Amino acid sequence: MNPRLILASSSAYRRELLSRLQLPFDTMVPDIDETALHSETPDATALRLAQQKAEAIAGQLASSASNSAENALIIGSDQVATLNGIHIGKPGDHASALKQLQLMRGKEVVFHTALCLLDTRSGAQPAVQLRDVQTVVRFRDLPDAELDAYLRIEQPYDCAGSAKNEALGISILASIQSDDPTALTGLPLIALTDMLRNAGVQFYR
């Protein structure tokens, strides 16, 4: 049998993506500080947070003294957007989102989507798999009125980069370059299926 699969995330977007693999999974919400460290590179931030999310869930399982704690694959993921190497976080409100889009219009933004698969089974090799999948997004050079109108319709204030590419946000993007089309939404499924296969997970059962 496949080990228990756990998604360490509260994101509805990541839940929807993982469900595409048609594998049973549980969702648990990690409680970590997602602040970037001083002088930390964007990819290092994303990779560290993805692993910390998975480790936080492993800690919760261990404290529960459940048998499933010894037989689980835990998926952690985090995304950091960067413009000219500078972190672009989640805007949180309309004014901040508009400033982000004004700053990014006509420019390329690199999204680092980090993925961690933590195998809690005794003797598992490797116990931790990590991957940073990069996506280069060029934003359209749109006037303030269009950017403001988009934000009022979709309100993507919980998204780094202030746009939901899987919805209306695609209309403000000029191009997307990536080896994994699901990475930008938050969970790189091509990389994840590689990791799951490495861990012995069987598909198409």
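Coordinates for the structure precede this section.
Per chain, residue numbering runs from 1 following the sequence as it is written. Given that this is a predicted model, residues contribute local features only at a pLDDT of at least 70 and side-chain atom pairs are listed and counted only at 80 or more, while totals for whole chains, interfaces and linings are drawn from all residues. The side-chain numbers reported here are obtained from all heavy atoms of the structure, hydrogens and water having been left aside.

1. Examining unusual backbone geometry
Residues apart from glycine generally show negative phi values, whereas peptide bonds are mostly found in trans. With phi around 55 degrees, Asn 84 is a residue other than glycine that occupies positive phi space. By the secondary structure assignment, Asn 84 is in the loop between β3 (72-83) and β4 (86-88). Notably, Gln 155 is not glycine yet its phi reads approximately 50 degrees, a positive angle. Secondary structure elements follow DSSP: runs of H or I no shorter than four residues count as helices, runs of E no shorter than two count as strands, and numbering proceeds from the N terminus. Tracing the chain through its elements places Gln 155 in the loop between α4 (144-154) and β7 (173-178).

2. A closer look at the pattern of salt bridges
When a carboxyl oxygen of Asp or Glu is within 4 Å of a side-chain nitrogen of Lys or Arg, the pair counts as a salt bridge. Enumeration over the complete set of coordinates arrives at nine salt bridges. For Glu 16, the salt bridge identified is with Arg 20, shortest N-O distance 3.3 Å. Note on exposure labels: buried denotes an accessible area under 20% of the residue type's maximum, exposed denotes more than 50%, and partly exposed covers the range between, all computed with a 1.4 Å probe on protein chains only. Of the residues examined, Glu 16 reaches a relative accessible area of 38% and is grouped as partly exposed. In this structure, Asp 194 engages Arg 131 in a salt bridge whose closest nitrogen and oxygen atoms are separated by 3.9 Å. Placement of the pair is Asp 194 in helix α5 (residues 189-198) and Arg 131 in strand β6 (residues 128-139), with a sequence separation of 63 residues.

3. Considerations on helix α3 (residues 94-104)
Structural remark: α-helix, 3.6 residues per turn; residues separated by three or four positions point the same way. Residues His 94, Ala 97, Leu 98, Gln 100, Leu 101 and Met 104 constitute the buried set of α3. The arc enclosing the buried residues of α3, seen along the axis, measures out at 160 degrees, which places them on a common side. Check the buried side of α3 and you find it contacts β3, β4, β5 (108-119), β6 and α4. Throughout this description, a polar contact denotes any pair of N or O atoms lying within 3.5 Å of each other; where both atoms belong to protein, one of them has to be capable of donating a hydrogen while the other can accept it, and for residues adjacent in sequence the pair is counted only when both atoms sit in side chains. Where α3 begins, the side chain of Asp 93 points an oxygen toward the backbone nitrogen of Ala 95, at a separation of 3.4 Å. Of the residues flanking the end of α3, it is Gly 106, one or two places downstream, whose phi is positive at about 75 degrees. The arc in question is traced by the directions running from the helix axis to the C-beta atoms. Contacts are residue-level and defined by heavy atoms, with any inter-residue pair within 4.5 Å sufficient.

4. With respect to the side chain of Thr 113
By the element assignment, Thr 113 lies in strand β5. Judged by its relative accessible area of 0%, Thr 113 is buried. Only 2.9 Å separates the side chain of Thr 113 from the side chain of Gln 79, close enough to count as a polar contact. A polar contact is formed between the side chain of Thr 113 and the backbone oxygen of Ala 183, at a distance of 3.0 Å. Residues in contact with Thr 113, not counting those within four places in the same chain, are Ser 77, Asp 78, Gln 79, Arg 131, Asp 132, Val 133, Ala 183, Gly 186, Leu 187 and Pro 188.

5. Describing the pairing of strand β1 (residues 4-8)
Summarising burial for β1: four of the five residues are buried, a large majority. Any two strands are treated as partners once DSSP identifies two or more bridges connecting them. Across four bridges, β1 lies against β3 in parallel orientation. Along β3, the bridge assignment pairs Ile 6 with Ile 74. Inspection of the sheet shows β1 paired to strand β2 (residues 26-28) by three bridges, in the parallel sense. Looking at the pairing, Leu 7 lines up with Thr 27 of β2. One crossover worth recording links β1 to the parallel β2 by way of helix α1 (residues 12-19), and it is right-handed. By convention, a crossover is right-handed whenever its connection, traced from the first strand over the helix to the second and viewed with the strands pointing away, goes clockwise.

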